[in-house]
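An overview of the molecular structure
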Amino acid sequence: MGDTRLSPARRAADRARLADEVVDVLVVGGGLSGAWVALDAAVRGLAVGLLEAHDWAAGSSGRPAVLLSRAGTPVRTALRERSRLLRTAAPHLVRPVPLVCPRPTPALSDVLARGLPPPRPLSRRAALAAVPALRPGLAAGALRRWDAQVDGARLTLAVVRTAAGYGARVLTRARVTGLLRAGDAVIGAQVADRTDGSALPVRARSVVLAIGADGGGLSGAVPAHPVVQVVLPRSAVDGRDDGLVLPVAGGALTVVPAGERWVVSHPGPDLPALLGALERALVRPVPASAVVAARVDRLPRGDGVSTRAPGLVVLAGGPATARGRAADAVDAATANLPGVPPSRTAHLPLVGAHRWADVRDRAPQLAADAELPLAAVGRLLQRHGDRVADVLDLVRADPRLGRPLSGAPGWLAAEVVHAVTAEGALSLDDVLARRTPLSGADPAEVAALVAGPLGWDAARAAREVASAG
Ligand SMILES: Cc1cc2nc3c(=O)[nH]c(=O)nc-3n(C[C@H](O)[C@H](O)[C@H](O)COP(=O)(O)OP(=O)(O)OC[C@H]3O[C@@H](n4cnc5c(N)ncnc54)[C@H](O)[C@@H]3O)c2cc1C
């Protein structure tokens with residue numbers, strides 16, 4: 001694998017190449033689905049372009065605490081892919097999470113659980129010990145199930161960076177405004193480069209639309225249903241390491257621990273409905289004033305791949321089905337190209353995972369060498385895997401970058417610099433929302449750190465801070 005760093009220089013080089021060449025597969029949409037398509041095609045040795053209108057995982061893939069086996073995903077597929085992510089693809093990013101399920105519904109996953117502890121019935125007392133906030137009336141007959149949880153933006157970024165390492169040309173701030181056609185066939189896309197307003201026609205043998213439920217003005221958007229998600233401080237719900245899953249009309253109320261926060265999801269677009277469901281589940285209601293952040297996503301309904309015209313494939317997939325659907329999409333997109341090998345992503349480690357077994361237990365040594373607290377290096381390992389050295393090198397070159405961010409003590413200043421020099425962030429929002437999510441980092445401090453590497457003057461930095469506020 002080649003260089004996986006997504007720097008401003010890499011973006012410029014990839015843009016220049018896309019203007020010149022005809023790629024085999026042009027992927028539109030830099031969410032989890034599009035990222036896997038780009039990786040699948042690049043690993044097969046194809047020439048690939050990946051275009052994203054905003055930032056990697058700016059759509060529904062960027063939710064901070066994604067559970068990998070949501071109901072609705074085919075169970076066997078979800079469990080197999082979850083196990084792949086946990087063991088091979090991204091063991092540093094994906095974490096087992098216990099979930100207390102009052103009123104559990106029977107699930108095939110209970111019989112088939114792979115790579116995680118099997119489900120266990122909990123006594124009333126044990127359920128209340130795991131989630132003291134739970135209404136006692138809900139505690140009898142509860143089950144503890146295990147799932148795997150991941151920061152959706154970080155997983156998507158790992159897939160994009162791995163694709164870039166296999167030679168994919170990857171651009172954010174590149175909105176596809178229309179498709180190029182020759183008769184019925186699609187032969188590329190018209191792209192607006194949002195960094196400078198220029199137009200960029202990109203020629204391709206086939207185009208794959210992975211634009212999620214948003215659609216971005218194109219007709220490949222997939223049907224979707226809304227889900228509201230809020231972030232709460234840990235103090236808002238009395239709990240420990242377990243999350244909570246409670247069936248509600250239209251789906252489930254989920255309360256998932258994510259560092260110093262809880263991430264709560266509820267079907268539908270309404271915050272009051274979410275707070276009402278919490279009130280019915282918990283002893284102490286959560287006031288609206290406790291909500292740190294709220295968002296409504298439109299999650300695709302069902303997944304699949306379809307060929308809409310010669311040279312045009314559309315796909316949708318969930319976090320656990322995205323890899324397999326991507327392989328199907330590349331098969332469909334290259335059906336008329338001779339000599340294309342089959343998918344090779346089933347056992348592929350993503351960036352950060354290749355030497356995970358070698359580094360996972362080295363936190364004490366790395367902390368001593370870098371003169372950083374052990375806990376800080378532990379967190380770096382969980383976010384960067386075997387690429388932790390890239391962040392530590394920044395600290396070695398400038399020890400001031402080893403300081404924690406004010407307001408976000410779980411993050412180092414070096415990670416902010418790394419976000420713009422290696423993780424493709426181009427704006428303050430990219431860093432705050434998707435490279436340091438839930439951190440509470442101070443926008444002005446982050447802007448001061450990224451201004452140099454991104455070439456911002458004082459006026460640009462001030463504009464970014466104002467729009468983040
Ligand atoms: C079967 C299934 C199961 C699921 N299971 C789960 C689960 O277990 N847990 C869970 O949390 N979620 C689940 N989900 C939801 C899932 O996480 C999201 O639906 C998924 O991340 C969507 O990824 P995506 O790449 O298709 O879309 P998105 O993440 O929305 O990405 C689309 C991207 O396309 C870009 N784009 C749009 N238009 C253009 C344009 N014109 N030019 C360039 N770029 C453009 C957007 O900016 C966006 O970044 C599931 C979904 C399905 C379908």
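Residues numbered from 1 in each chain as written. Predicted model: local features only at pLDDT ≥ 70, side-chain atom pairs only at ≥ 80, totals over all residues. Heavy atoms only, no water.

Below, the discussion takes up the overall build of the chain. Along the chain, the regular secondary structure elements total 17 helices and 19 strands. Relative to its length of 469 residues, the chain is compact, with a C-alpha radius of gyration of 22 Å against a globular reference of 23 Å. Viewed in the frame of its principal axes, the chain has a C-alpha envelope of about 65 × 50 × 40 Å. Contacts in the chain between residues at least 24 apart in sequence constitute 71% of all its contacts with a sequence separation of at least 6. (Helix = DSSP H or I, 4+ residues; strand = E, 2+ residues; numbered from the N terminus. Rg over C-alpha atoms; globule rule 2.2 N^0.38 Å. Contact = heavy atoms within 4.5 Å.)

Strand S6 (residues 143–150) sits mainly inside the fold: 6 of its 8 residues count as buried. The sheet contact formed by strand S5 (residues 120–121) and S6 spans 2 bridges and is antiparallel. Note that in S6 the partner of Arg120 across the bridge is Arg144. (Buried < 20%, exposed > 50% of the residue type's maximum accessible area, 1.4 Å probe, protein only. Pairing = 2+ DSSP bridges.)

Before going further, it helps to examine the packing of helix H2 (residues 32–43) against helix H7 (residues 152–165). Viewed as axis vectors pointing N to C, H2 and H7 meet at an angle of 25 degrees, and their least axial separation amounts to 8 Å. For the element pair H2 / H7, the angle class is roughly parallel. For the pair H2 and H7, the crossing hand works out as left-handed. Of the residues in H7, those touching H2 at Leu32, Ala35, Trp36, Ala38, Leu39 and Ala42 are Leu155, Thr156, Val159, Val160, Thr162 and Ala163. (Axes fitted to C-alpha atoms, helices over the stretch in contact; angles between N-to-C directions. Parallel < 35°, antiparallel > 145°, perpendicular 65-115°, else oblique. Left-handed = near helix turned anticlockwise from the far one by under 90°.)

With phi around 50 degrees, Arg103 is a residue other than glycine that occupies positive phi space. In the Ramachandran plot, Glu371 falls in the positive-phi region, its phi being about 55 degrees despite a non-glycine side chain. Among the secondary structure elements, Glu371 is positioned in the loop between helix H11 (363–370) and helix H12 (374–384).

A few words on the domain arrangement of the chain. When cut into domains, the chain gives domain 1 (8–60 + 153–223 + 301–333), domain 2 (94–150 + 224–300) and domain 3 (356–468). Its C-alpha centre places domain 1 at a distance of 28 Å from the equivalent point of domain 3. Contacts between domain 1 and domain 3 engage 13 residues on the former and 16 residues on the latter. Taken together, both faces of the contact between domain 1 and domain 3 bury some 1,100 Å²; the carbon and sulfur share is 47%. Contact with domain 3 buries surface across domain 1, with Asp55, Arg154 and Arg161 losing the most and accounting together for 49% of the total. Viewed at the interface, domain 3 and domain 1 are joined by 4 salt bridges. (Domains from an automatic or database assignment. Buried area = accessible area lost by both parts, 1.4 Å probe. Salt bridge = Lys/Arg side-chain N within 4 Å of Asp/Glu carboxyl O.)

The next point concerns a positive patch on the surface. Taken together, the side chains of Arg76, Arg80, Arg87 and Arg114 present a region of like positive charge at the surface. With respect to the helices and strands, Arg114 occurs in the loop between helix H4 (108–112) and S5. A relative accessible area of 40% places Arg114 in the partly exposed class. (Patch = residues over 30% accessible without salt bridge, like charges linked within 9 Å, V, L, I, M, F, W, Y side chains within 5 Å. Areas by Shrake-Rupley, 256 points an atom, 1.4 Å probe, with all protein chains shown as cover. Lys, Arg positive; Asp, Glu negative; His and termini not counted. Charge placed at Lys NZ, Arg CZ, Asp CG, Glu CD.)

Here the focus is H11. Buried within H11 are the following residues: Ala363, Leu366, Ala367 and Ala370. Considered in projection along H11, the buried side chains sweep an arc of 100 degrees and stay on one side of the axis. Exposed and facing more than 90 degrees away from the buried side of H11 are Pro364 and Ala368. Contacts from the buried residues of H11 go to helix H10 (356–359), H12 and helix H13 (388–397). Positive backbone phi, approximately 55 degrees, marks Glu371, located one or two places after H11. (Arc of directions from axis to C-beta.)

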